[in-house]
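Here are the chains, one letter per residue:
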Amino acid sequence: MFRQMRRFKQQMPEEVCYEMLREGKRGVLAVNGDNGYPYAMPLDFLYDEESGNIYFHGAKAGYKIDALRKSDKVCFVLRDEVGTPSEDWWLNYRSVIIFGRIHFMEQSEESDKILRRLGLKYYPTPESVEKVMKSSASRTQMLKLEIEHITGKYVQEE
């Protein structure tokens, strides 16, 4: 169903892809937008090893939500810089590309638990997470990405 990587010698092992998901801070989610144009946006995320899903949060209305209601198929991309040799033009990095389907989560104990974990990944203290959740959790849409295909690549430009 999904294409094989053309430059297969640069393909990362799947366990390295999941390591990047565990450690990554932000990625880019691409959805099927209006008039056949893709729509991509940088997002914070939480990868849950137990379920194997990726979670996002956002407003309950907007372009992203409208696009996801039309098509649940998405692509999520992570990239990190491994390093650039000093004074050289090239860049070495790793990237992960994930294809999957988004599911809207109803607000529940489960979604609040995931939102709290997501907040703890980015906010400095548990108290700051609780403060934000108290004021905005009811207005937050949680999204679950079920991974269907994942590939990663080492890029070493020279």
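Rules behind the numbers
Residues take numbers from 1 onward in each chain, read along the sequence in its written order. Reporting of local features is limited, given that this is a predicted model, to residues whose pLDDT is at least 70; pairs of side-chain atoms are given and counted only at 80 or more, and all residues count toward the totals for whole chains, interfaces and linings. Excluded from the side-chain calculation are hydrogens and water; included are all heavy atoms of the structure. Secondary structure elements are taken from DSSP: a helix is a run of H or I of four residues or more, a strand is a run of E of two residues or more, and numbering for both begins at the N terminus. What makes two residues a contact is simply this: any of their non-hydrogen atoms within 4.5 Å. All accessible-area figures derive from a Shrake-Rupley calculation using a 1.4 Å probe, and residue coverage is judged against the displayed protein chains alone. One fewer than the residue count of a helix, multiplied by 1.5 Å, yields its expected span. The buried label applies to any residue whose accessible area, calculated with a 1.4 Å probe on protein chains only, is under 20% of its type's maximum; exposed applies above 50%, and partly exposed to all values in between. For this quantity, the arc is that covered by the directions from the helix axis to the C-beta atoms. Polar contact is the term for a pair of N or O atoms within 3.5 Å; when the atoms are in protein, one must be able to donate a hydrogen and the other to accept it, and sequence-neighboring residues count only if both atoms are side-chain atoms. To pair, rings of Phe, Tyr and Trp, with the six-membered ring standing in for Trp, must have centres within 6.5 Å; the planes then decide the type, stacked if under 30 degrees apart, edge-to-face if over 60, and tilted in the middle. Working rule: Lys NZ or Arg CZ, within 6 Å of ring centre, within 35 degrees of ring normal, means a charge sits over the ring.

1. Focus: the overall build of the chain
Item 1. When its secondary structure is counted, the chain shows four helices and seven strands.
Item 2. Here the contacts in the chain between residues at least 6 apart in sequence split such that 71% fall between residues at least 24 apart.
Item 3. Accessible surface for the chain amounts to roughly 10100 Å². Of this, 48% is attributable to carbon and sulfur atoms.

2. Structural notes on helix α3 (residues 109-122)
Note: α-helices contain 3.6 residues per turn, so residues at a spacing of three or four share the same orientation.
Item 1. Over its 14 residues, α3 extends 20 Å from the first C-alpha to the last, a length consistent with the 20 Å expected when each residue adds 1.5 Å.
Item 2. Within α3, burial applies to S111, I114, L115, L118, G119 and K121. Across the axial projection of α3, the buried residues extend over an arc of 150°, all falling on one side. Within α3, the exposed residues directed more than 90 degrees away from the buried face are E109 and K113.
Item 3. The backbone nitrogen of E110 lies 3.3 Å from a side-chain oxygen of the residue at the head of α3, namely S108.

3. Overview of the packing of aromatic side chains
Item 1. Under the counting rule described, the total for this entry stands at four aromatic pairs.
Item 2. Where Y18 meets Y47, the ring centres are 5.7 Å apart and the plane angle is 40°; that geometry is what we call tilted. With Y18 in helix α1 (residues 14-23) and Y47 in strand β3 (residues 46-48), the pair connects residues that are 29 residues apart, well separated along the chain.
Item 3. What links up through ring pairs into an aromatic cluster is the set F45, F56 and F76.
Item 4. Here R69 stacks its cationic end above the ring of F104, 4.4 Å away from the centre of that ring.
Item 5. For K121, the ring lying beneath its charged end belongs to F45, and the centroid distance is 4.0 Å.

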